[in-house]
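# Structural features, examined
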Amino acid sequence: MGDDLANRVAAAMWAEDTASAGLGMRLVAVGDGTASVEMPVRDDMVNGHGIAHGGFVFSLADSAFAFACNSRNQVTVAQACDIVFVAPARRGDLLVATAAERTTFGRNAIYDVTVRRGDDVIAEFRGRSRQLSGTIIAEDS
């Protein structure tokens, strides 16, 4: 296991991830239990307060979480997740979500995702994952 496997799994997932691509996300890096995804805050992502709608920030964090928890080529889905918004993001900001595995237990795991604009923390997300049967790519790939 390792970064080569994580990159191959991420490439296969990204090829089918029209949601993340449609939001302008870009996969920056993946590794064993880790991932970074970036997204610019577009005009159509700003709410009535003139700040990034929280749902888009959540989606960015959730995408990083997905790539991190599937990095070992085991189909894994979100079991539960929550987010704390720390600071507002604004139109034109480039947000980067960095996910890291904290612990695994059986088919479950916990991941933390920090969303930043530069050095500023925008949100903290915690995701709980559950492994299902199956793999993302063929085992002999």
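Quick note: structure is the one above.
Quick look at the structure, then. (Residues numbered from 1 in each chain as written. Predicted model: local features only at pLDDT ≥ 70, side-chain atom pairs only at ≥ 80, totals over all residues. Heavy atoms only, no water.)

## Topic: the overall build of the protein
Counted only if it meets this: In this text, helices come from DSSP runs of H or I with a minimum length of four residues, and strands from runs of E with a minimum of two, each type numbered from the N-terminal end. The reference for a compact globule is 2.2 Å times residues^0.38; the radius of gyration itself is calculated from the C-alpha atoms.
For the protein, the helix and strand inventory stands at three helices and six strands. What you see in the protein, going N to C, is helices and strands ordered as α-α-β-β-α-β-β-β-β. Relative to the globule expectation of 14 Å for 141 residues, the C-alpha radius of gyration of the protein, 15 Å, shows essentially globular dimensions. If you line up the protein on its principal axes, its C-alpha atoms span 50 × 30 × 25 Å.

## Focus: the environment of R102
Heads up, the rule is: Every residue pair with non-hydrogen atoms within 4.5 Å of one another is taken to be in contact. Any pair of nitrogen or oxygen atoms within 3.5 Å is treated as a polar contact; in protein, a donor-acceptor pairing is required on top of that, and neighbouring residues in sequence qualify only through side-chain atoms on both sides.
Position of R102 relative to the elements: it lies in strand 4 (residues 94-105). When the C-alpha atoms of R102 and A12 are compared, they prove to be 24 Å apart, with 90 residues separating the residues in sequence. Each residue touching R102, except ones within four places of it in the same chain, is listed here: I110, Y111, D112 and R126. Only 3.0 Å separates the side chain of R102 from the side chain of D112, close enough to count as a polar contact.

## Quick notes on the side chain of S63
Relative to the helices and strands, S63 is located in helix 3 (residues 54-69). With residues up to four places along the chain from it excluded, the contact list for S63 reads S20, M25 and V37.

## Remarks on the packing of aromatic side chains
Between two aromatic rings, the relevant description is the distance of the centres plus the angle of the planes. Let me state the cut-off plainly: Within 6.5 Å between ring centres, the rings of Phe, Tyr and Trp (the latter by its six-membered ring) count as paired, and their orientation is classed by plane angle as stacked under 30 degrees, edge-to-face over 60, tilted in between. Residue burial is assigned from relative accessible area. The probe radius is 1.4 Å, only protein chains are included, and a residue is buried under 20% of its type maximum, exposed over 50%, and partly exposed in between.
Across all of its chains, the model carries four aromatic pairs by this definition. Taking the centre distance of 5.7 Å and the plane angle of 55° together, the rings of F65 and F125 count as tilted. Separated by 60 residues along the polypeptide, F65 in helix 3 and F125 in strand 6 (residues 120-131) bring together distant segments of the chain. What makes F125 buried here is its relative accessible area of 2%. Three or more aromatic residues link up through ring pairs in this structure, and these residues are F58, F65, Y111 and F125.

## Structural notes on the sheet that holds strand 5 (residues 108-117)
To keep things clear, this is the line we draw: A strand pair is defined by DSSP finding two or more bridges across the two strands. In this analysis, axes come from line fits to C-alpha atoms, helices being fitted only over the stretch in contact, and the angle between any two N-to-C directions falls in the range 0 to 180 degrees.
The strand order across the open sheet built from six strands is 1-2-4-5-6-3, with neighbouring strands paired in antiparallel fashion. Each of the sheet's edge strands pairs with one partner strand only, and the pair in question is strand 1 (26-31) and strand 3 (76-85). Averaged over all adjacent pairs, the angle separating strand axes in this sheet is 20°, with direction ignored. Across nine bridges, the pairing between strand 3 and strand 6 is antiparallel.

## A closer look at unusual backbone geometry
In the Ramachandran plot, N73 falls in the positive-phi region, its phi being about 70° despite a non-glycine side chain. If you trace the backbone, N73 turns up in the loop between helix 3 and strand 3. The buried category is assigned to N73, whose relative accessible area is 6%.

## Some words on the pairing of strand 1
Note that strand 1 and strand 2 (residues 34-40) share five bridges and pair antiparallel. By the bridge assignment, V30 is partnered in strand 2 with A35. Between strand 1 and strand 2, which follow one another and run antiparallel, lie two residues, and G33 among them has a positive phi close to 80°.

## Section: the side chain of S20
Tracing the backbone shows S20 in helix 2 (residues 18-22). Among the residues examined, S20 registers a relative accessible area of 3% and is labelled buried. Not counting residues within four places of it along the chain, the set of residues in contact with S20 comprises W14, M25 and S63.

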